[in-house]
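# Tertiary structure, described
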Amino acid sequence: MLIKVLGPGCAKCKRVEQLTREALAELGLAADFEHVTQLEQIMAYPIMTTPALVVDEVVKCSGRIPSKDEILGWLKQ
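Every value quoted in this text rests on a predicted model; they were computed, and no experiment measured them.

## Concerning the overall build of the chain
The secondary structure content of the chain amounts to three helices and four strands. Secondary structure elements in the chain, listed N-terminal to C-terminal, are β-α-β-α-β-β-α. At 11 Å, the chain has a C-alpha radius of gyration in line with the 11 Å of a compact globule built from 77 residues. In terms of overall dimensions, the chain has C-alpha extents of about 35 × 20 × 15 Å along its principal axes. For the chain, the residues scored as buried account for 35% of the 77 residues in total. A total accessible area of about 4,500 Å² is found for the chain, and carbon and sulfur atoms account for 52% of it. The chain carries 9 positive and 10 negative side-chain charges, and their two centres are separated by 5 Å.

Okay, here's the thing in structure tokens:
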């Protein structure tokens, strides 16, 4: 599983990563993380605002910090 956090590396981006890592640990799953900070690369995804969470190249959330329960649901799929 590949998880990408899109954004400039702000506190909100770090929180999205932290929640996602916690959800992965709860589920006993492993994943590779990638931080996409370059504007050109971020613009390749259909988002308008950051932070954004991308799981296996599917945008799950953008412009807000999702709850851990939301992330758990996405990761279980």
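Now that the structure has been shown, the text picks up again.
## Some details on the state of the cysteines
Evaluated as defined, the whole model comprises zero disulfides. Summary of cysteine pairing: C13 is not part of a disulfide, and the nearest cysteine sulfur, belonging to C10, is at 3.5 Å. Left without a disulfide partner, C61 is nearest to the cysteine sulfur of C13, which lies 11 Å away. The class for C61 is buried, based on a relative accessible area of 5%.

Reading guide: rules and limits
- Residues numbered from 1 in each chain as written.
- Predicted model: local features only at pLDDT ≥ 70, side-chain atom pairs only at ≥ 80, totals over all residues.
- Heavy atoms only, no water.
- Helix = DSSP H or I, 4+ residues; strand = E, 2+ residues; numbered from the N terminus.
- Rg over C-alpha atoms; globule rule 2.2 N^0.38 Å.
- Buried < 20%, exposed > 50% of the residue type's maximum accessible area, 1.4 Å probe, protein only.
- Areas by Shrake-Rupley, 256 points an atom, 1.4 Å probe, with all protein chains shown as cover.
- Lys, Arg positive; Asp, Glu negative; His and termini not counted.
- Charge placed at Lys NZ, Arg CZ, Asp CG, Glu CD.
- Disulfide = S-S within 2.5 Å.

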